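Understanding the architecture of this molecule
For reference, the chains in residue letters:
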Amino acid sequence: MDQIISGAPTAPVDVDMNNFMAEVIEASATIPVIVQFWAPWCGPCKQLGPILEKVVAAKAGKVKMVRVNIDENQQIAQQMRVQSVPTVYGFVNGQPADGFAGAQPESAVTQFVDKLASMGGAGADIAEMLAAAETALADQDFATAMAHFQQVMDIEPESVEALAGMVRCMTGSGDVTGAREVVDQLNEEFTSHAAMQTAINSLELAEKASEAAGDLTTAKAAVEADGANLEARQKLAMALYATGEHAEAMDQLLESIRIDRSWNEGAARIQLLEFFASLGAANADVMKARRKLSTLLFS
């Protein structure tokens, strides 16, 4: 894919009124263009600039970066409604597609650039594959999701989103050991990425739940004997989650919250939110549990 859309300079191009149309509007029809609005007197600009340049360079020509000095190009800044610096816009097909203002950590910049890179050229197909994979994940169709993520990896072997998705698929399908082996081989550049952080959190939750799986019968008996035994409910929820009975696991925590939401410093609610994050907002069981939680908390 690099050969298809390569050729974009990795160093930022300084842009003014004379070349803005060519370097940004026209160029973004072929490759996503990142525009950094900055000023020589701006301290945060000096912090953000090198991070942007580093992340863009790592994309190896899949995105292009330009800079606009607002002191020398006030007309462009006014047209783009830039109210402060640094401000960053991402252009695709001649239009702003995304953006942010203010200095950002490298992880956030990486996520921004990755998203923009997926919008242009062959990346559009990748974006569709990732979206299809996420839909399958939400439906707990791990085999289909894994196939989509593997397709992305075939096209873009360095895709953190796809690798993180594969880890989530392995975790969701019960291959916790395999998922851990993958994660343990990754360097900090991969593990610090937001998508991989989500996958690692899900994996750690599954590992914690698997330790409780053997207590399923005992915990279930304890809850049946005393419905107000909230510690037993907490253990039962983890055991149910480990066996893939996610809806039942969340119901146990919801019942615990109904009985005493403050028990153990809100442990049931904290655990429930971890389940939500691991399964994803689009998961049908999560959506039902969220509605029940809202009813409990605000009724």
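Structure report, in brief. (Residues numbered from 1 in each chain as written. Predicted model: local features only at pLDDT ≥ 70, side-chain atom pairs only at ≥ 80, totals over all residues. Heavy atoms only, no water.)

**Brief notes about the nonpolar core**
If you look at the biggest cluster of nonpolar residues, it comprises 30 residues, and the most contacted ones within it are Phe149 and Met196. Broken down by secondary-structure element, the contributors of at least two residues to this core are helix H6 (123-138), helix H7 (142-155), helix H8 (160-172), helix H9 (176-184) and helix H11 (194-212). Per-element tally for this core: the top contributor is H8, with eight residues. Those residues within four positions of Met196 in sequence are excluded, and the remaining contacts are Val160, Leu163, Ala164, Val167, Leu186, Phe190 and Thr191. By size, the runner-up hydrophobic cluster in this structure holds 26 residues, among which are Leu205, Tyr241, Ile257 and Leu272. (Core = buried A, V, L, I, M, F, W, Y, C linked by side-chain atoms within 4.5 Å. Buried < 20%, exposed > 50% of the residue type's maximum accessible area, 1.4 Å probe, protein only. Helix = DSSP H or I, 4+ residues; strand = E, 2+ residues; numbered from the N terminus. Contact = heavy atoms within 4.5 Å.)

**A look at the state of the cysteines**
Scanning the entire structure with this criterion turns up one disulfide. One disulfide bridge connects Cys42 with Cys45, the sulfur atoms lying 2.4 Å from each other. Handedness here is read from the sign of the S-S torsion; for Cys42 and Cys45, about 85 degrees, the answer is right-handed. (Disulfide = S-S within 2.5 Å.)

**Some points on the packing of aromatic side chains**
Aromatic ring pairs are defined here through the distance separating the ring centres and the angle between the ring planes. Tallied over the entire structure, the rule returns four aromatic pairs. Taking the centre distance of 4.3 Å and the plane angle of 5 degrees together, the rings of Tyr241 and Phe275 count as stacked. Remark: Phe275 occurs in helix H15 (residues 267-279) and Tyr241 occurs in helix H13 (residues 230-242); sequence separation between them is 34 residues. Here the two residues Tyr241 and Phe275 agree in accessibility, since each one is buried. Lying across the ring of Trp38, Arg67 places its NZ or CZ 5.4 Å from the centre. (Phe/Tyr/Trp six-rings, centres within 6.5 Å; stacked < 30°, edge-to-face > 60°. Lys NZ or Arg CZ within 6 Å of the ring centre and 35° of its normal.)

The values reported here are purely geometric and, on their own, carry no functional implication.
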